[in-house]
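# Architecture and fold: a report
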Amino acid sequence: MAKVKTAFFCSNCGYESAKWLGKCPACNEWNTFIEEVIERNPKEKNFWKDINGERQTSKAKLLDAVESLKEERIITHDAELNRALGGGIVAGSIILLAGEPGIGKSTLLLQDALQLNHALILYVSGEESEQQIKMRANRLGIRNENFYILTETSLSVIFTEIKKLQPSLVIIDSIQTLQSDNIDATPGSVAQVRECAASLQRFAKETHTPVFIIGHITKDGSIAGPKILEHIVDTVLQFEGDQHYAYRILRTLKNRFGSTSELGIYEMTGNGMRTVNNPSEILINQKEEALSGSAIAAGMEGLRPLLIETQALVTQSVYGTPQRTASGLDARRLQLLLAVLEKRGGFHFGMKDVFVNIAGGLRIEDPSTDLAIICALLSSYEDAPLSPNICFAGEVGLNGEIRAVNRVDQRIAEAEKLGFEKIFISPFNKKGLHKANYKIEVVEAGKVDELYRLLF
């Protein structure tokens, strides 16, 4: 009887070792090695090679001898997905879409695939039955005569069906459910995820067929499986959002064929995902009367300008220790801004409870929202509402100075398009900025106390 072969894998980065190690030499994490069976088949088969013939032996070439070819892209009907991918799906690319359970990953890819009437699509599901996929397709209300579904987890069976159909696009839902016959390990293990992802990568590159892979995430928000999974694929997309809100953000974490600064915004509806072309109009709440503690920030998400409403509530502390609560932004950033107002502005927040919220369920990391947060805090502190026709774009330093932000011209243009009459920016942004080109009034403020005098 043949001896069972095992190896130890790092659950964080996928590093392989013949024996157990306390500390991973690749990622320096402790106690992450797990023993797994790796009974490999020495005669590993590539089931897709019969499609286009045997693979030719690669030879070294001079860089000048390589011809520059235009990337072939599949343009989908989803403008937000095209934006996140850098202009469409590149032929032969392998794309990983990750997100929390129930966020809408399967719905998004099923909807976009059904809209590609000119391409033959194979949707492979290892988590849902054919009836469940059919029910979702009926809810979306989209028909496609070239759309095939396969409920299978064996990689060899999947490649056999691919050889028969020769699809233009393959969708795998999900990589954690697949199992390769070349590895004797449970589905979802480090060895299986790495082996299946590597096989799909070879298939995509050798047949020039794009492959979408749906992946799970862990409780801390990182992509489940070995870190090498993110290195194998060409593009990593993160689908995120608060399940209590209808809005979803498709964020690009890695893209070999485009920018990683792009993102797409969707709204979850009963009929699927609806693309949001102008998210600023949705993120700004319409109020019948002006209330204190609200300010509009001209922020940026990737390369897209967004007008976001920041809300603040400052009340007298009832308990001994004042509360500091932040929703949608880093709580440490809020502590920093309060310290600046205390030291540089002379405002006493030491015995006040402070609550800050970003409307719409978004989480913002753009430092240009500092100015709007400070104005919302001052508005609630003075109980004096700000004009609904002004917005702010500026980063606040530790000395109370208002620092310049990037792409200020796009922020001003977005505010002007939405009907704002005035925008406050840093005086260091005036270089290369032509105020005469804008109908909106551009006001410069260099310090926090100067801004306070202009507003109140």
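An account of the accompanying structure is given in this report. (Residues numbered from 1 in each chain as written. Predicted model: local features only at pLDDT ≥ 70, side-chain atom pairs only at ≥ 80, totals over all residues. Heavy atoms only, no water.)

Let us look at the packing of aromatic side chains. Enumeration over the complete set of coordinates arrives at 9 aromatic pairs. Seen in terms of ring centroids, Tyr 123 and Phe 147 are 6.1 Å apart; in terms of plane orientation they differ by 35°. Their pairing is tilted. In this pair, Tyr 123 is assigned in strand 7 (residues 121-125) and Phe 147 in strand 8 (residues 147-151), connecting sequence segments 24 residues apart. Residues Tyr 123 and Phe 147 agree in their burial class; the two are buried. Here Tyr 452 and Phe 456 contribute two aromatic rings whose centre-to-centre distance is 5.2 Å and whose plane-to-plane angle is 40°, an arrangement assigned as tilted. Of the residues examined, Tyr 452 reaches a relative accessible area of 21% and is grouped as partly exposed. Under the relative-accessibility criterion, Phe 456 is labelled partly exposed at 32%. (Phe/Tyr/Trp six-rings, centres within 6.5 Å; stacked < 30°, edge-to-face > 60°. Helix = DSSP H or I, 4+ residues; strand = E, 2+ residues; numbered from the N terminus. Buried < 20%, exposed > 50% of the residue type's maximum accessible area, 1.4 Å probe, protein only.)

What follows covers the layout of surface pockets. One number sums up the size of the largest pocket: a volume of about 670 Å³. Surrounding the largest pocket, 32 residues form its lining, Glu 240, Arg 251, Glu 301, Arg 363 and Ile 364 being those nearest its centre. Residue composition of the lining of the largest pocket, grouped by class: 11 nonpolar, 10 polar and 11 charged. (1 Å grid on protein atoms, 1.4 Å probe; cavity = no way out; pocket = protein on both sides within 12 Å on 5 of 7 lines; lining within 4 Å. Points joined across faces, edges and corners; volume = space filled by probe spheres on them. Nonpolar A, V, L, I, M, F, W, Y, C, P; charged D, E, K, R; others polar.)

Moving on: the side chain of Ser 280. Here Ser 280 is to be found in helix 8 (residues 279-283). Side-chain polar atoms of Ser 280 contact the backbone nitrogen of Leu 307, separated by 3.0 Å. Polar side-chain contacts of Ser 280 include one of 3.0 Å to the side chain of Glu 414. (Polar contact = N/O pair within 3.5 Å; in protein donor to acceptor, adjacent residues only side chain to side chain.)

Before going further, it helps to examine the pairing of strand 17 (residues 324-327). Sheet topology note: the strand 17/strand 18 (residues 352-358) ladder contains 4 bridges and is parallel. Residue Arg 324 lies in a different strand from strand 18, and its bridge partner there is Val 354. Following the chain from strand 17 across helix 9 (residues 331-345) to the adjacent parallel strand 18, one finds a crossover that is left-handed. (Pairing = 2+ DSSP bridges. Right-handed = clockwise from strand over helix to strand, strands pointing away.)

Once that is clear, we can look at the pattern of salt bridges. Summed over the entire model, instances satisfying the criterion amount to 16 salt bridges. For Arg 136, the salt bridge goes to Glu 128, with nearest N and O atoms at 2.6 Å. Judged by its relative accessible area of 12%, Arg 136 falls in the buried class. The buried category is assigned to Glu 128, whose relative accessible area is 18%. A salt bridge links Arg 333 to Glu 395; the nearest nitrogen and oxygen atoms lie 3.8 Å apart. Remark: Glu 395 occurs in strand 20 (residues 395-396) and Arg 333 occurs in helix 9; sequence separation between them is 62 residues. Bridged by salt links that share partners, the residues Glu 80, Arg 83 and Arg 304 form one connected network. (Salt bridge = Lys/Arg side-chain N within 4 Å of Asp/Glu carboxyl O.)

Attention now moves to the packing of helix 10 (residues 370-382) against helix 12 (residues 448-455). One way to put it is that helix 10 packs onto helix 12 with a least axis distance of 11 Å and a crossing angle of 55°. The angle between the axes of helix 10 and helix 12 places the two elements in the oblique class. Note that helix 10 runs across helix 12; the crossing there is right-handed. Seen from helix 10, the contacting residues are Leu 371, Ile 374, Cys 375, Leu 378 and Glu 382; seen from helix 12, they are Val 448, Leu 451, Tyr 452 and Leu 455. For the contact of helix 10 with helix 12, a count of residues per class yields 8 nonpolar, no polar and 1 charged. (Axes fitted to C-alpha atoms, helices over the stretch in contact; angles between N-to-C directions. Parallel < 35°, antiparallel > 145°, perpendicular 65-115°, else oblique. Left-handed = near helix turned anticlockwise from the far one by under 90°. Contact = heavy atoms within 4.5 Å.)

Functional significance is not addressed by these values, which are geometric in nature.
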